[in-house]
Amino acid sequence: MNIKKISLILCVLFISASMFTIHSASVSAATNSNITFEDVTKNHPAYEEINYLVSLGVIQGYIVNGKRVFGPNNNVTRGQAAKMVVVASGNKPLVVNKSSFSDVTVGTEMSGYIERAVQLGFFDKNIKGEFLPNKALSRGEMSYVLTKAFNLDTSEYEGIDSPFTDVGITHEYVKYINTIYYNGITNGTGKTYLPNSTVTRSQFSLFVARAKSEKYRLELPVKGVTVPDTSQVIGLVKVTTDGLNIRKSTDSTSTTNIVGKVNTGGKLSVYAVEGNWLKVSYKGAYAYIFKQYAEFLDADGNALGAVEKEVTTKNAVNLYVKPTSSAKVISTIKANVKLPVYKTVGGYYLTQVNGLPGYVVANSTTDTVEEEKPNPNPDPGTPPVTSGDVLGRVTVANLNVRSQSNSTSAVLFKLNKGEYVQVNSISGYWAEITYNGQTGFVHKSYLKLLNQSAKPLQNRVIILDPGHGGKDPGTVKGSVSEKSITLKVSTQVKQLLENAGAKVYMTRTGDTYPSLQDRVDFTQANYGEIFVSVHVNSAANSSAQGTETYYAISTGDMYQEDIDLATFVNNQIVNNLNMKNRGVKQEQYYVIRNMVIPSILVELGFLTNTEDHNKMTNDQYVNLFAESIYNGILQYYKKQ
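Residues numbered from 1 in each chain as written. Predicted model: local features only at pLDDT ≥ 70, side-chain atom pairs only at ≥ 80, totals over all residues. Heavy atoms only, no water.

A. Geometry of the overall build of the protein. Along the backbone of the protein there are 14 helices and 32 strands. Counting the 640 residues in the protein, one finds 51% classified as buried. Within the protein, contacts between residues separated by at least 24 positions form 70% of all contacts whose residues are at least 6 apart in sequence. Per element, the accessible surface of the protein, about 28,500 Å² overall, is 49% carbon and sulfur. (Helix = DSSP H or I, 4+ residues; strand = E, 2+ residues; numbered from the N terminus. Buried < 20%, exposed > 50% of the residue type's maximum accessible area, 1.4 Å probe, protein only. Contact = heavy atoms within 4.5 Å. Areas by Shrake-Rupley, 256 points an atom, 1.4 Å probe, with all protein chains shown as cover.)

Here it is as structure tokens:
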């Protein structure tokens, strides 16, 4: 071998050995303080931390073309990481006579640091007797290395979920990732941690500096940002179904984000409402549940109960989480807003705004005098006219009886909820009634019309709403769509009701798409007396099954009638088709919350569940669904 070749080999070996050289602790700070890197300027985000590690003798860089560089964007290898943490943690390389790894040569500088790092437990696993010193360190491995090297306490973070969407509670590094996160060493990348990604040399320098010195640590995770702060709770909910998935993100199509389950009756604190999701706290971290399967409670954990009255805000008022002005403010309500009142607690009214319960100062409101309002722009057409032996049961308190069939004529007297009147005739939305010898007019939406001699459904005006349609298929499973099932069932219900003498109108009779407001307008234009919307359910978990029926509570609404109608229909379906009973529930769905007539939304079953799917796609069972809805409506009208 000639002298040139020997010189070249020695040069290469020198550069390789000096690359990322790590000095022993005996190297003076004065010597290292003179080291600067061509590729790490003062504007570099890790400039201060890199120089801190240089001063400790942890890094020195290497020479390229006569210039000292650091290679900040190169991946840090397992071997380089071992050197850094051994020196940074105040340890020295371990001299051994025989290497513990087939890919690490004994006697080299790299060997001593790797042997020491493994001896101290800084690395958790090795593969078939190899250390893989030249393999890039992953972010998951990094969490373990830093936690062990700097003796960070993991006990507080065992068995809890991570704040990152890509690190589940069962992830092999979850407690170590939690530990470096909550100690201000890393905050991930947005909502993710990327545990399988590599780490650059500048990134690893940042993390080592933070682990070594409090000076460089990030601001510890702020409560209310990723660590739930109980002072920011805006409400309490009770779960209304078994096996409800608790997720770390609002993605119902994935199973990897499921961090737990909760059953009926379980209570969770709510921090925000995000569309159809509730942001809750679960095992010390934020999580999400689907809003549809939870019911808001009052500050004491009790159901809201019945609406006692309605009030109107006199000016802008705060909505508080608890009945005290020192509680968290959920929102500010503008003046002249009508609010339902569920109960009075020490000078505060328990109310509900946009689905969220809260408390307002009672004397900042005035009692609302409810005026019944017919549709301001009905399609005059030819409104249904009824006369004969019909009684009307009043469904609201303080119902005005007027001298003429409009909302501006004089009030003759008022009727109380539960009183019965003789209905002489009906024209559009106005009924001429007689009570104790006095005759006047009331808005028929506030009467339950009860036939005394004719069939119970004779001349009753019923609106059926087959959910979805046209461009909106609803839930889809294979070749089966929700819109086709709801239309088929509703069409059969219509036939049964008409055979019983009812006047029935459907919001769609084919594959069309009326908007939600179109469905409300259609109901008003046809002077509907009850409204039934038919839907099909779905869930990410195929075990979810059964029938559930919804009603809404809105201002001026006789919601007890909604509950009666929903209960009759739900029970008929459950009993006749042997469906799991998921119950009657309150939910502010658009089409039912914008009605003042009794209105319900029935979810026949889950298309994503095999048993329910088979029933909803079998003609014999489809007939039973239709008959059950019909029988539920008939039961409702038979109840006097």
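The rest of the description comes next.
B. Seen up close, unusual backbone geometry. Unlike most non-glycine residues, Leu194 shows phi in positive territory, near 60°. Considering the arrangement of structural elements, one finds Leu194 in the loop between helix H7 (174-182) and helix H8 (201-212).

C. Spatial organisation of the nonpolar core. Val85, Phe123, Met142, Leu146, Phe150, Phe204 and Val208 are the most contacted members of the largest nonpolar core, which totals 55 residues. The leading source of residues in this core is helix H4 (residues 78-88), at seven residues. With residues up to four places along the chain from it excluded, the contact list for Leu146 reads Val85, Leu152, Ile180, Ile185, Phe204, Phe207 and Val208. Val239, Leu319, Ile597 and Leu601 belong to the second largest nonpolar core, which has 42 residues in total. (Core = buried A, V, L, I, M, F, W, Y, C linked by side-chain atoms within 4.5 Å.)

D. Broad picture of the side chain of Glu115. Secondary-structure assignment places Glu115 in helix H5 (residues 109-119). No salt bridge is formed by the buried Glu115, whose closest oppositely charged neighbour, Arg116, lies at an N-O distance of 9.3 Å. For Glu115, the side chain forms a polar contact with the side chain of Ser100, separated by 2.8 Å. Ignoring anything within four residues of it in the chain, the contact list for Glu115 reads Leu94, Val96, Lys98, Ser99, Ser100 and Phe101. (Lys, Arg positive; Asp, Glu negative; His and termini not counted. Salt bridge = Lys/Arg side-chain N within 4 Å of Asp/Glu carboxyl O. Polar contact = N/O pair within 3.5 Å; in protein donor to acceptor, adjacent residues only side chain to side chain.)

E. Quick look at the packing of aromatic side chains. Tallying each qualifying case throughout the model produces 15 aromatic pairs. On the numbers, 5.4 Å between centres and 35° between planes, the contact of Phe37 with Phe70 is tilted. Placement of Phe37 in the loop between helix H2 (29-32) and helix H3 (47-55) and of Phe70 in the loop between strand S2 (67-69) and H4 is noted, with a sequence separation of 33 residues between them. Using a relative accessible area of 8% as the deciding quantity, one classes Phe37 as buried. (Phe/Tyr/Trp six-rings, centres within 6.5 Å; stacked < 30°, edge-to-face > 60°.)

F. The packing of H4 against H5, seen in detail. In the contact formed by H4 and H5, the axes pass within 8 Å of each other and the chain directions differ by 70°. Looking at the two axes, H4 sits roughly perpendicular to H5. Crossing of H4 over H5 shows left-handed handedness. Contacts from Gly79, Gln80, Ala82, Lys83, Val86 and Val87 of H4 reach H5 at Glu109, Met110, Tyr113, Ile114, Arg116 and Ala117. By residue class, the composition of the contact of H4 with H5 is seven nonpolar, two polar and three charged. (Axes fitted to C-alpha atoms, helices over the stretch in contact; angles between N-to-C directions. Parallel < 35°, antiparallel > 145°, perpendicular 65-115°, else oblique. Left-handed = near helix turned anticlockwise from the far one by under 90°. Nonpolar A, V, L, I, M, F, W, Y, C, P; charged D, E, K, R; others polar.)

Distances and angles like these do not, on their own, reveal function.
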